[in-house]
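The lines below spell out each chain.
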Amino acid sequence: MPELTVETRDVEGVTLLYPKGFINAHTVRLFEGEIQKALAQGQFKIVVNCAGLVYIASAGLGAIMGAIEEIRGNGGDLRLASLNETVRNIFEILGFNHLYRIYASEVEAITSFRRVEEAGS
Amino acid sequence: MRAPKPSLMISIPSQTSFLGLVREVTKKMAESAGFADGTAERLALAVDEATTNVIEHAYHGSGDREIELRIEDRGPEFRVEVVDSGATVDPRAVPRVDLGRYVSERRTGGLGVHLMEKIMDSVTFRRSARRNVCCLVKRKDSAAAR
């Protein structure tokens, strides 16, 4: 079994990433590559569905940090959904739960982008 | 009859492709020591971070060096030592985590050490016989609270 796979799909203009496995200094390039691919395509609304993510090490958090400025600078955001206990705990330990919006489900995360659009229209 | 507590020593090349093995072995040993699944996963993460630090900082990314891991169930505590023969890295030189600067300056330095310190009960660094030893300890009586 590979240590990490990252599937992607687009729903209502939102790019969804599905990391499955663990993100550490070895596997982070794959995760980072998928984020960069979305940005290169002009997709700045990104949801990382963490349902299949076993854990994320600081290298993975660094990958998110490295992209967030560009994403938000282009009017988008990177949001997270479906964190397991371990991943949620890591985010809380580092205070990342104050820096990123975290949703219980993927649907809620997608809908959160829609609400912003509706408010702005 | 009291069975001896398990201890394990492995040597790996200083390559990130072995982090998966480090994670598996640490998690299994932590589970065997009685830690719940979530705690065992976090302990594995702490050891992953310590090993990554050695690869990146003590060996500067060189993949032809050796890292030794000693994992021990010592009864009241679970102890992991990560040993390398690379450059001496002063842990005091690692920048402290500054949450406010994460976004504005894209600072991610120090996250790994910070995570290790939050997950473990103690993280110490020492120089012994020309080798660096990073010692991570988790007490079993503290695990339930985390």
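Structure: see above.
The structure contained in this document is the topic of the report that follows. Since the structure is predicted, the reported quantities are computational estimates derived from the model, not experimental observations.

Basis of the calculations
- Residues numbered from 1 in each chain as written.
- Chains lettered and ligands numbered in written order.
- Predicted model: local features only at pLDDT ≥ 70, side-chain atom pairs only at ≥ 80, totals over all residues.
- Helix = DSSP H or I, 4+ residues; strand = E, 2+ residues; numbered from the N terminus.
- Buried ≥ 20, exposed ≤ 12 C-beta atoms within 10 Å, placed from the backbone.
- Contact = placed C-beta atoms within 7 Å.
- Expected span 1.5 Å × (residues − 1).
- Arc of directions from axis to C-beta.
- Core = buried A, V, L, I, M, F, W, Y, C linked by C-beta atoms within 7 Å.
- Pairing = 2+ DSSP bridges.
- Axes fitted to C-alpha atoms, helices over the stretch in contact; angles between N-to-C directions.

To continue, consider the overall build of chain B. When helices and strands are tallied, chain B shows five helices and five strands. Counting from the amino terminus, helix and strand elements in chain B follow one another as β-α-α-β-β-α-α-β-β-α. In chain B, which comprises 146 residues, the share counted as buried stands at 38%. At a minimum sequence separation of 6, the contacts of chain B that also span at least 24 residues come to 66%.

Residue and element names in this part refer to chain A. Over its 13 residues, helix H1 (residues 28-40) runs 18 Å from end to end, which matches the ideal 18 Å to within 8%, given 1.5 Å per residue. Within H1, burial applies to Val28, Phe31, Glu34, Ile35 and Ala38. All buried residues of H1 fall inside an arc of 135 degrees around its axis, so they share one side. Facing away from the buried surface of H1 by more than 90 degrees, the exposed residues are Gly33 and Ala40. Contact partners of the buried residues in H1: strand S1 (4-11), strand S2 (14-23), strand S3 (45-49) and helix H2 (58-73). One or two steps after H1, the chain reaches glycine 42, where phi turns positive at roughly 75 degrees.

A few words now on helix H1 (residues 19-32) of chain B. Along its 14 residues, H1 of chain B runs 20 Å from first to last C-alpha, staying within 8% of the 20 Å computed at 1.5 Å per residue. Looking at H1 of chain B, one finds that the buried residues are Leu19, Val22, Arg23, Thr26, Lys27, Met29 and Ala30 of chain B. Taken down its axis, H1 of chain B places every buried residue within 165 degrees of arc, on the same side. Those residues of H1 of chain B that are buried lie in contact with S2 of chain A together with strand S1 (7-13), helix H2 (37-58), strand S2 (66-73) and strand S3 (77-84) of chain B. Looking one or two places after H1 of chain B, you find glycine 34 of chain B, whose phi comes out positive at around 105 degrees.

What follows is about the nonpolar core. Counting residues in hydrophobic clusters, the biggest one holds 69 residues, and the most contacted among them are Tyr55 of chain A together with Leu43, Ala46, Val47, Met116 and Leu136 of chain B. The residues touching leucine 43 of chain B, leaving out its near neighbours within four places in the chain, are Thr26, Ala30, Phe35, Phe78, Ile119 and Lys138 of chain B.

This brings us to the sheet that holds S2 of chain B. Residue and element names in this part refer to chain B. The sheet built from five strands is open, its strands ordered S1-S2-S3-S5-S4 with antiparallel pairing. Strand pairing shows two members of the sheet lacking a second neighbour, S1 and strand S4 (122-128), which therefore form its edges. Going across the sheet, the axis of each strand differs from the next one's by a mean of 15 degrees, ignoring polarity. Two strands pair when backbone bridges link them, and S4 and strand S5 (residues 131-139) are joined in this way by seven bridges, in the antiparallel orientation. Across the sheet, the residue bridging to serine 128 is arginine 131, located in S5.

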